[in-house]
Amino acid sequence: MISWLAGGLPVRSVDFNRGTDNITVRQGDTAILRCVVEDKNSKVAWLNRSGIIFAGHDKWSLDPRVELEKRHSLEYSLRIQKVDVYDEGSYTCSVQTQHEPKTSQVYLIVQVPPKISNISSDVTVNEGSNVTLVCMANGRPEPVITWRHLTPTGREFEGEEEYLEILGITREQSGKYECKAANEVSSADVKQVKVTVNYPPTITESKSNEATTGRQASLKCEASAVPAPDFEWYRDDTRITSANGLEIKSTEGQSSLTVANVTEEHYGNYTCVAANNLGVTNASLVLFRPGSVRGINGSISLAVPLWLLAASLLCLLSKC
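Residues numbered from 1 in each chain as written. Predicted model: local features only at pLDDT ≥ 70, side-chain atom pairs only at ≥ 80, totals over all residues. Heavy atoms only, no water.

Describe in detail the overall build of the protein chain, supporting the description with residues and values.
Counting secondary structure elements, the protein chain contains 2 helices and 26 strands. Taking all 320 residues of the protein chain together, 37% fall into the buried category. Long-range pairs, those at least 24 residues apart, make up 60% of the contacts in the protein chain between residues at least 6 apart in sequence. Surface accessibility of the protein chain: about 18100 Å² in total, with carbon and sulfur atoms responsible for 48%. (Helix = DSSP H or I, 4+ residues; strand = E, 2+ residues; numbered from the N terminus. Buried < 20%, exposed > 50% of the residue type's maximum accessible area, 1.4 Å probe, protein only. Contact = heavy atoms within 4.5 Å. Areas by Shrake-Rupley, 256 points an atom, 1.4 Å probe, with all protein chains shown as cover.)

Pulling in residues and values, what's your account of the sheet that holds strand 21 (residues 230–235)?
Neighbouring strands of a sheet are bound in pairs by backbone hydrogen bonds; such pairs are parallel or else antiparallel. Ordered by their spatial adjacency, 5 strands build an open sheet running 19-26-25-21-22, and the pairing between neighbours is mixed. Sheet topology places strand 19 (209–210) and strand 22 (238–240) at the edges, where each strand pairs with a single neighbour. Taken together, the 3 bridges between strand 21 and strand 22 define a ladder with antiparallel strand orientation. Counted as the bridge partner of R235 is T238 from strand 22. (Pairing = 2+ DSSP bridges.)

Describe the sheet that holds strand 9 (residues 77–80), with residues and values.
Across the sheet, which stays open at both edges, the 3 strands sit in the order 4-9-8 with antiparallel pairing between neighbours. The sheet is open, and its two borders are formed by strand 4 (31–33) and strand 8 (66–69), each paired with just one other strand. Neighbour-to-neighbour, the strand axes of this sheet turn through a mean angle of 25 degrees, independent of strand direction. Two strands pair when backbone bridges link them, and strand 8 and strand 9 are joined in this way by 4 bridges, in the antiparallel orientation. Considered in strand 9, the bridge of V66 is made with I80. (Axes fitted to C-alpha atoms, helices over the stretch in contact; angles between N-to-C directions.)

For the state of the cysteines, give the residues involved together with the corresponding values.
Across all of its chains, the model carries 3 disulfides by this definition. Put simply, C221 and C272 are joined by a disulfide, and their sulfur atoms are 2.3 Å apart. Across the S-S bond linking C221 and C272, the dihedral sits near -80 degrees, which makes this disulfide left-handed. Of the two residues, C221 sits in strand 20 (residues 217–226) while C272 sits in strand 25 (residues 268–276), which places them 51 residues apart along the sequence. For the pair C221 and C272, one class covers both residues: buried. (Disulfide = S-S within 2.5 Å.)

Can you tell me about the pattern of salt bridges, naming the residues and giving the values?
In this structure the tally under the stated criterion is 13 salt bridges. Where R79 meets E69, a salt bridge forms, and the shortest distance between an N and an O atom there is 2.4 Å. Taken together, the residues span a long stretch of sequence, with R79 in strand 9 and E69 in strand 8 at a distance of 10 residues. Overall, the relative accessible area of 13% leaves E69 in the buried class. Notably, a salt bridge pairs E205 with K207, separated by 3.2 Å at the nearest N-O pair. Assessed through its relative accessible area of 46%, K207 is described here as partly exposed. Taken together, the salt bridges that share partners define one network made up of R34, R71 and E75. (Salt bridge = Lys/Arg side-chain N within 4 Å of Asp/Glu carboxyl O.)

With reference to specific residues and values, describe the pairing of strand 18 (residues 189–207).
When strand 12 (residues 123–126) meets strand 18, the two strands line up parallel, connected through 4 bridges. The partner of T124 across the bridge, within strand 18, is T196. With 7 bridges joining them, strand 17 (residues 175–182) and strand 18 adopt antiparallel strand pairing. Bridge pairing in strand 18 links Y177 to V193. Here 6 bridges tie strand 18 to strand 20, and the two strands are oriented antiparallel to one another. Looking at strand 20, one finds that T202 is bridged to S224.

That's the geometry; what it means functionally is another story.
Next comes the structure, spelled out in structure tokens:
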């Protein structure tokens, strides 16, 4: 229905015969609930589920965020600043005319940006274990949870829901997992969890070497493990230490045995042992003369006595 103000400006009044209108506002914004009456002499009031907010120009509410919005004499709108979730609900504009009372209802919907409220802490597990990651978020509408496994290769493992279950986790599934909570209100909230997977050592590379007497030569051994492995070197059944022209250098994941001045007694079979608290492994390497059969065939894999592996593991774990 259209009424006219003095000066010829049209104002659209409320259709009091229509059902409840909805107004959607984001948390923290200002909501204006419109109400326009036909007769400026009408008695008007705003009410909500808690009671009377305004009766005429008299404010009954103690909330300082609530005011009347009157841009012209026939407007009786309600302005609510810094809207929060507890403001959501039904509001009624009640008009008492000379003929009959009329009401118009507005339902205020408050949208809330997504916010992750709880996420798993960084976790360390052994390979083969089951892992459950938790990510919980608040928001209106209810946020959609998405999990991603962030890997250097760009491959992503995706999962939805608050709980991400990984059964029999492998070393390839270690790394950072990203939880994203998203709804239509604003940009997504994102947090990460780091998953460390422990596993026993695996020899990834071992190189035998050709050596000329009187020259320096090295044997190298690399292993993959979490935690990083400790290394030991053996000549037959005898453990080697850095002495008498032999030097062992070990860093995270690799070790080398260097002979400063090769003599005839240095030729032969060597064993590199890698161990952590989950297991032990070994590789056999050969330091051989130039042109020997061993040099042609490459390194020779030798069976290492079980007692030697067991002794190596115990020694490494006890830091002997």
